[in-house]
Amino acid sequence: MGDLKVEDGADVSISDLFNTRVNKGPRVTVLLGKAGMGKTTLAHRLCQKWAEGHLNCFQALFLFEFRQLNLITRFLTPSELLFDLYLSPESDHDTVFQYLEKNADQVLLIFDGLDEALQPMGPDGPGPVLTLFSHLCNGTLLPGCRVMATSRPGKLPACLPAEAAMVHMLGFDGPRVEEYVNHFFSAQPSREGALVELQTNGRLRSLCAVPALCQVACLCLHHLLPDHAPGQSVALLPTMTQLYMQMVLALSPPGHLPTSSLLDLGEVALRGLETGKVIFYAKDIAPPLIAFGATHSLLTSFCVPTGPGHQQTGYAFTHLSLQEFLAALHLMASPKVNKDTLTQYVTLHSRWVQRTKARLGLSDHLPTFLAGLASCTCRPFLSHLAQGNEDCVGAKQAAVVQVLKKLATRKLTGPKVVELCHCVDETQEPELASLTAQSLPYQLPFHNFPLTCTDLATLTNILEHREAPIHLDFDGCPLEPHCPEALVGCGQIENLSFRSRKCGDTFAEALSRSLPTMGRLQMLGLAGSKITARGISHLVKALPLCPQLKEVSFRDNQLSDQVVLNIVEVLPHLPRLRKLDLSSNSICVSTLLCLARVAVTCPTVRMLQAREADLIFLLSPPTETTAELQRAPDLQESDGQRKGAQSRSLTLRLQKCQLQVHDAEALIALLQEGPHLEEVDLSGNQLEDEGCRLMAEAASQLHIARKLDLSDNGLSVAGVHCVLRAVSACWTLAELHISLQHKTVIFMFAQEPEEQKGPQERAAFLDSLMLQMPSELPLSSRRMRLTHCGLQAKHLEQLCKALGGSCHLGHLHLDFSGNALGDEGAARLAQLLPGLGALQSLNLSENGLSLDAVLGLVQCFSTLQWLFRLDISFESQHILLRGDKTSRDMWATGSLPDFPAAAEFLGFRQRCIPRSLCLSECPLEPPSLTRLCATLKDCPGPLELQLSCEFLSDQSLETLLDCLPQLPQLSLLQLSQTGLSPKSPFLLANTLSLCPRVKKVDLRSLHHATLHFRSNQEEEGMCCGFTGCSLSQEHVESFCWLLSKCKDLSQVDLSANLLGDSGLRCLLECLPQVPISGLLDLSHNSVSQESALYLVETLPSCPRVREASVNLGSEQSFRIHFSREDQAGKTLRLSECSFRPEHVSRLATGLSQSLQLTELTLTQCCLGQKQLAILLSLVGRPAGLFSLRDSTRHTEKLSFPRLEACALGFKKKRKKERKKERKKVSEDTELRTKIN
């Protein structure tokens, strides 16, 4: 919808309502106003003005009232509408209508009460008159004519065009109320008394903001003033309901109140409200009532055209609100209405501005009048109407209050909150008002519905009963210009926010008068308004009177540059202010620099954020008292302020502000005189190379504690060199990240080195730096990241010269990733690196290096003493050279000894700390491996070599293993995530004998191989593990032959292979040839009881076995422990072997042959009492000590005498038997037998 371009709150002339310069399309104006604002009066006033010749732009004007048009049920033509229902022309109808069609742009049609047109809408859609109105608005009938409609705010018909102008009728402000009162009383002696009453009675004055109520108030004052002392209106006219009650009394004969007539007329009024009827005929109202209403000015009569040549007398209440008041009287005083029926009318209506939902009702004020009549003050009046039935009236009043109490505790929308406040305020019940106020939410929003001064005054009255603070948010609400005056003295408001294009200078002036009276106000928001310099000037004067303010927002107000500067002048006068938001106000660069000066000079400013539309000041109030701060000069720096400026830290973010080189110069000059800077962000501007160079040179003088951001400023490759040279002498620079592709130029800073005193202070600083800086660097480290800058080989020499100045300032991390160095650049950089001194890291990732160039970088191990680790992932082009982090950290914490001991210590560390080469995602062919190993010959040790590729051929593995003797400094060789062939276990096993330095070989699943090498000082002894390598019986003999060539095997792990019973049998047969002195692990090789039995049978041929254990259950373990020399006593443990009866004799034979076996443990081997007895009887052994333990879980009870009887079969004669007690065994039974 469109709006008239007039100043908010200004007087609008009648000619301003119609834009006569537009000549095409439908031209529609909608006059919106709440009930009682004077819409109908204005419509009739337009007719009078036209008749007097003041609207010369129109040759014809027609006025229609929808309340009358609603009575027409047939479809009308435009001619019938104009001439049959309005005026019949003297000449031919058709001729006149044709003239009107030709001159339609000079025809004005006024439709009063558009909201009432929706009342009779039936199931078939809009009625005939509304259809005709729609055609007129859309230009299908009388195209080009002017249409004006009046309506209450709320639902509007969809036929209104989008470009229709919406004009809001506002209520009276203070001067207009006085003007109306002066006109009403004219030269009467009571005029002065009436004005005094209005000045002293704030409630009555707020009610008079509604013109209709102002007329009622004048009528009541005219009636009351002669008989009452001055000031009595406070008691007699406190609410709208009592205002109407006094009006009824004023219109009634003195001393006589026609109770029955009032109740009967109220019944007619209620019936009309229920049926949507505002016009009544003689058949609807009894003649005595018509006479009564006309006599007391309660009813008006008029002719209603019903057709060509036909008309009928109609009757209506003088105002819709009067109809609602009389209906409320009937509900409260009539004996026909009980309290249950009454409470159904106590509802809250929503006033959302909607076009598609429920239509407006006719009973907007009915609940309010019912609540007002529930006041104790109205009880005598109602009791008189109810013929003295005071108990009935009291019950109804209590019922209304009870309903309001229930509504007060519910969660309500903004419109319903306003309606509830009106109802509660009308009751004059302090307890109910307190309940309502305390039940309101802390955040109370009012969105997109019109509010008047009366609404806000009522809300203020309710909030007076609230103790807790409240936040009021008015967003998109059409507000009367003087609405803020209703908030005067409302001390409960903590946050106050307005967002509406309807707010102008008059609104701002009224708000400035209210702000100083709100003692709790901490946040003020005024956004999206039409306030100009005049309105802002009033607010600027008022803000210093609100020292408790913490946040102020003037977002999106189309403020000029000078207005913005005027606003920031108030900053020193707001001692508790933490945020000032001036975003979306389109200021120029010169003004922005002025604001930057304010940020530098104002001692409380901690941040200035400007980015495109954003403009925000963040402040940190000092500890001084409010009085001290208010005495300080505006923006002139005193000695105390300079001291405060040096102690504070300022963040300045001027992003995307179109700053250029000359602006950078001005900004540098400004910042050099200012406080320490936490952060300076100038990203997204137009500084280009020269501006970036100037800012980089000034960085060391600006005392920036954390970050300088010059991203997206048009920096070129040539400018990169200039920036590097400019910051080379900056001691506090911790990181510089330049990425031309991503338009990134960021400087990160650390604290001044001289500010760090002692190891404890240095450690604390490092901890804080970890939290603030993403690079996580210690104090002396700096990181230079020149990534994705398109750097080529030809740029390196100049870059290294520029970087040379940075190397002496600390350990340097250098990042050249994402450039275009290529092989030539890598070779050239390898030549230049020694001149850069000791780096901590160098990143050459994503530079398009070939395999030859990558392998060429390995030579850096020989030429760069600082290089300790080289990580290369060839396919992903990840290349990283790193130094020794441990020595760097020790230097940073100050724990190194003094020179020359420090140099000796570092040399010792370089000899002890291994160098590491990690090469992955690389095709490892024999020529490449040969070249790699040849390059590593000159590398100082110790050296760790980690290789990874998709698959390593046998030839490549042989080449690598053959080169091992040439690398005496090698301490570790690792092949991770690398596919190996089934032959690889034999190649690696052969290495144990070919390379004496190998102390451990570990191969897992043919994908992970690790070789550990011994130093000269380490003892001899080898370990090998080949787990998950699919070794089977066919491999055992050749594998054992390779192992037999080794001198000393302390451990052999062949678990998780495929040996099976046959393979394990073959391995046990070959064991005497293998020099194992420790553990042989054969677990998880899919063996059965056969392997366990064969182990027992093999023990006599393996004299160095000291212990063997087999578990064929879920554990699947098979381990044999050897000693270096023959072992006199052996231990055998068999678990979960599930021996069957046929295995008992074979087990006994093996035990009989294993003369060195001294202990046998059987655990859950399924040998019952009978099988154990047979086993013991079959074992034949010479005299000696043998221990047999059987741990079982049989439920059968086993008795010792029976077992001893079995044991006598293999005992020699004994002279004495041991006596034992009988006991029951359910889980574990242990049998120990000594053979002498």
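Here the structure is shown first, and the text comes after it.
Quick summary incoming for the structure in this document.

Conventions we followed
- Residues numbered from 1 in each chain as written.
- Predicted model: local features only at pLDDT ≥ 70, side-chain atom pairs only at ≥ 80, totals over all residues.
- Heavy atoms only, no water.
- Helix = DSSP H or I, 4+ residues; strand = E, 2+ residues; numbered from the N terminus.
- Polar contact = N/O pair within 3.5 Å; in protein donor to acceptor, adjacent residues only side chain to side chain.
- Axes fitted to C-alpha atoms, helices over the stretch in contact; angles between N-to-C directions.
- Parallel < 35°, antiparallel > 145°, perpendicular 65-115°, else oblique.
- Contact = heavy atoms within 4.5 Å.
- Nonpolar A, V, L, I, M, F, W, Y, C, P; charged D, E, K, R; others polar.
- Phe/Tyr/Trp six-rings, centres within 6.5 Å; stacked < 30°, edge-to-face > 60°.
- Buried < 20%, exposed > 50% of the residue type's maximum accessible area, 1.4 Å probe, protein only.
- Pairing = 2+ DSSP bridges.
- Right-handed = clockwise from strand over helix to strand, strands pointing away.
- Left-handed = near helix turned anticlockwise from the far one by under 90°.
- Core = buried A, V, L, I, M, F, W, Y, C linked by side-chain atoms within 4.5 Å.
- Arc of directions from axis to C-beta.

## Let's talk about the environment of D455
Part 1 of the argument: Note that D455 resides in helix α21 (residues 453–463).
Part 2 of the argument: Residues D455 and E419 lie 36 residues apart in sequence; the distance between their C-alpha atoms is 8.5 Å.
Part 3 of the argument: Among the polar contacts made by the side chain of D455, one reaches the main-chain amide nitrogen of T452 at a distance of 3.0 Å.

## Comments concerning the packing of helix α40 (residues 984–994) against helix α41 (residues 1033–1044)
Part 1 of the argument: Here α40 crosses α41 at 20°, and the two axes come no closer than 8 Å. It follows that α40 is roughly parallel to α41 by the angle criterion. Along its contact with α40, which presents P985, F986, A989, N990 and L992, the element α41 presents H1035, S1038, F1039, L1042 and L1043.
Part 2 of the argument: For the contact of α40 with α41, a count of residues per class yields seven nonpolar, three polar and no charged.

## Digging into the packing of aromatic side chains
What characterises a pair of aromatic rings is the spacing of the ring centres plus the angle enclosed by the ring planes.
Part 1 of the argument: The tally for this structure, following the rule as stated, stands at 18 aromatic pairs.
Part 2 of the argument: Between the aromatic rings of F64 and F111, the centroid separation amounts to 5.3 Å while the plane-to-plane angle is 25°, which identifies the pairing as stacked. Placement of the pair is F64 in strand β3 (residues 60–65) and F111 in strand β4 (residues 107–112), with a sequence separation of 47 residues.
Part 3 of the argument: Measuring from centroid to centroid gives 5.6 Å for Y244 and F325, while their planes differ by 35°, and the two rings are tilted. Within this pair, whereas Y244 is found in helix α11 (residues 240–251), its partner F325 is found in helix α14 (residues 320–333), the two being separated by 81 residues in sequence. Across the pair, exposure class does not vary: Y244 and F325 are buried alike.
Part 4 of the argument: An aromatic cluster of at least three residues, connected via ring pairs, comprises F446, F449, F474, F498 and F507.

## Examining the pairing of strand β23 (residues 811–815)
Within a regular strand, side chains alternate between the sheet's two faces.
Part 1 of the argument: The buried count for β23 comes to five of five residues, which makes it a mostly enclosed element.
Part 2 of the argument: Along β23, one buried face is formed by H811, H813 and D815 and the opposite face, lined by L812 and L814, is buried too.
Part 3 of the argument: Pairing of strand β22 (residues 781–786) with β23 involves five bridges; the strand directions are parallel. The residue of β23 that forms the bridge with S781 is H811.
Part 4 of the argument: Where β23 and strand β24 (residues 839–843) come together, four bridges link them in parallel fashion. Across the sheet, D815 pairs through a bridge with N843, a residue of β24.
Part 5 of the argument: Each parallel crossover has a hand, and the one from β23 via helix α33 (residues 822–832) to β24 is right-handed.

## Notes on the packing of helix α9 (residues 211–224) against α11
Part 1 of the argument: It is the contact of α9 with α11, at a shortest axis distance of 9 Å, that shows an interaxial angle of 50°. Taken together, α9 and α11 sit at an angle that is classed as oblique. For the element pair α9 and α11, the recorded crossing hand is left-handed. On α11, the residues touching L213, V216, A217, L219, C220, H223 and L224 of α9 are M240, L243, Y244, Q246, M247, L249, A250 and L251.
Part 2 of the argument: A breakdown of the residues in the contact of α9 with α11 according to their chemical character gives 13 nonpolar, two polar and no charged.

## A word on the side chain of S845
Part 1 of the argument: With respect to the helices, strands and loops of the structure, S845 is situated in the loop between β24 and α34 (851–856).
Part 2 of the argument: Using a relative accessible area of 6% as the deciding quantity, one classes S845 as buried.
Part 3 of the argument: Side-chain polar atoms of S845 contact the side chain of N843, separated by 2.6 Å.
Part 4 of the argument: Ignoring anything within four residues of it in the chain, the contact list for S845 reads F816, S817, G818, Q877, H878 and I879.

## Observations concerning the side chain of Q492
Part 1 of the argument: Tracing the backbone shows Q492 in the loop between β10 (470–475) and β11 (493–499).
Part 2 of the argument: Beyond its immediate stretch of four places on either side in the chain, Q492 contacts L463, E464, R466, A468, P469, I470 and R520.

## Concerning the pairing of strand β19 (residues 704–709)
Part 1 of the argument: Buried residues dominate β19, accounting for five of its six residues.
Part 2 of the argument: Of the strand pairs in this sheet, strand β18 (residues 676–681) and β19 are connected by four bridges, and their pairing is parallel. Paired with V680 across the bridge in β19 is L708.
Part 3 of the argument: The parallel pair β18 and β19 is bridged by helix α29 (residues 688–698), and the resulting crossover is right-handed.
Part 4 of the argument: Note: β19 against strand β21 (residues 744–749), three bridges, orientation antiparallel. Within the sheet, the bridge partner assigned to K707 lies in β21 and is M748.

## Notes on unusual backbone geometry
Part 1 of the argument: Of note, the amide linkage connecting G941 to P942 takes the cis form, showing an omega dihedral of -10°.
Part 2 of the argument: On the secondary structure map, P942 appears in the loop between α38 (926–936) and β28 (943–947).
Part 3 of the argument: Even without glycine at this site, Q977 takes up a positive phi of about 50°.
Part 4 of the argument: In this structure, Q977 sits in the loop between β29 (970–975) and α40.
Part 5 of the argument: Here the phi dihedral of S1030 falls at roughly 60°; this positive angle occurs in a residue that is not glycine.
Part 6 of the argument: In this fold, S1030 is placed in the loop between β32 (1022–1027) and α41.

## Observations regarding the nonpolar core
Part 1 of the argument: One finds F446, F617, F747, F816, F1026 and L1134 to be the most contacted residues of the largest nonpolar core, which totals 348 residues.
Part 2 of the argument: For this core, the leading source of residues is α14, giving 10 residues.
Part 3 of the argument: Those residues within four positions of F1026 in sequence are excluded, and the remaining contacts are P985, L988, A989, V1001, L1003, L1031, F1039, D1053, L1054, S1055 and N1057.
Part 4 of the argument: Membership of the second largest hydrophobic core comes to 36 residues, among which are L100, L132, C145 and A149.

## Looking at α33
Part 1 of the argument: When α33 is considered as a whole, its buried residues turn out to be G822, G825, A826, L829 and L832. Each buried residue of α33 lies within a common arc of 125° when the element is viewed along its axis, so the set occupies one face. Facing away from the buried surface of α33 by more than 90 degrees, the exposed residues are E824 and Q831.

## Focus on the environment of L1082
Part 1 of the argument: Among the secondary structure elements, L1082 is positioned in the loop between β34 (1076–1081) and α43 (1089–1098).
Part 2 of the argument: Note: C-alpha distance between L1082 and S1117 (35 residues apart in sequence) is 7.1 Å.
Part 3 of the argument: If we skip the residues at most four places from it in the chain, L1082 touches L1054, S1055, L1059, L1064, L1067 and F1118.

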